[in-house]
Amino acid sequence: MFELFQSENNQKYYFNLKAKNGQVILSSQGYSDKSGAKNGIESVKTNCGNDAKFERKTASNGKFHFNIKAGNGQIIGSSQMYASESGMENGIESVKTNAPNAGIEDKTA
């Protein structure tokens, strides 16, 4: 499920992709308007089937995380930090599995 929401000061729109257990798998960058955030969700759905769109990274603290990029190279969403590389790979697989058919829960009122 994608959760679309607005920041507390109502300046930016964001989305999270959540697994069935409610855990956040992927978080977006901030968008200036709701339509931009919705386009970001569609971009995740479009690009998540292509493994090359996932940028795997290791943080300076040794933890692993990933970004998913759009066709133009822009980062659409970023993962949480994972203690292991296998955890990160499971997160990527979860995006590939959950994103294509995920609904959108609009919390922007």
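Residues numbered from 1 in each chain as written. Predicted model: local features only at pLDDT ≥ 70, side-chain atom pairs only at ≥ 80, totals over all residues. Heavy atoms only, no water.

1. Concerning the sheet that holds strand 5 (residues 64-69)
Taken in spatial order, the seven strands of this open sheet run 4-5-6-3-2-1-7, and their pairing is mixed. On the outer flanks of this sheet lie strand 4 (54-58) and strand 7 (104-106), each paired with one strand and no other. Direction aside, the axes of adjacent strands within the sheet are offset by 25 degrees on average. Here strand 4 runs beside strand 5; their pairing, made up of five bridges, is antiparallel. Residue glutamate 55 lies in a different strand from strand 5, and its bridge partner there is asparagine 67. (Pairing = 2+ DSSP bridges. Helix = DSSP H or I, 4+ residues; strand = E, 2+ residues; numbered from the N terminus. Axes fitted to C-alpha atoms, helices over the stretch in contact; angles between N-to-C directions.)

2. Considerations on the pattern of salt bridges
Where charged atoms from two side chains of opposite charge come close, those side chains can pair. One pass over the full model with this rule turns up nine salt bridges. The salt bridge involving aspartate 106 is made with lysine 34; its shortest N-O contact spans 2.8 Å. Of this pair, aspartate 106 sits in strand 7 while lysine 34 sits in helix 1 (residues 34-47), and the two are 72 residues apart along the sequence. Between lysine 96 and aspartate 51 there is a salt bridge, with its nearest N and O atoms 2.7 Å apart. (Salt bridge = Lys/Arg side-chain N within 4 Å of Asp/Glu carboxyl O.)

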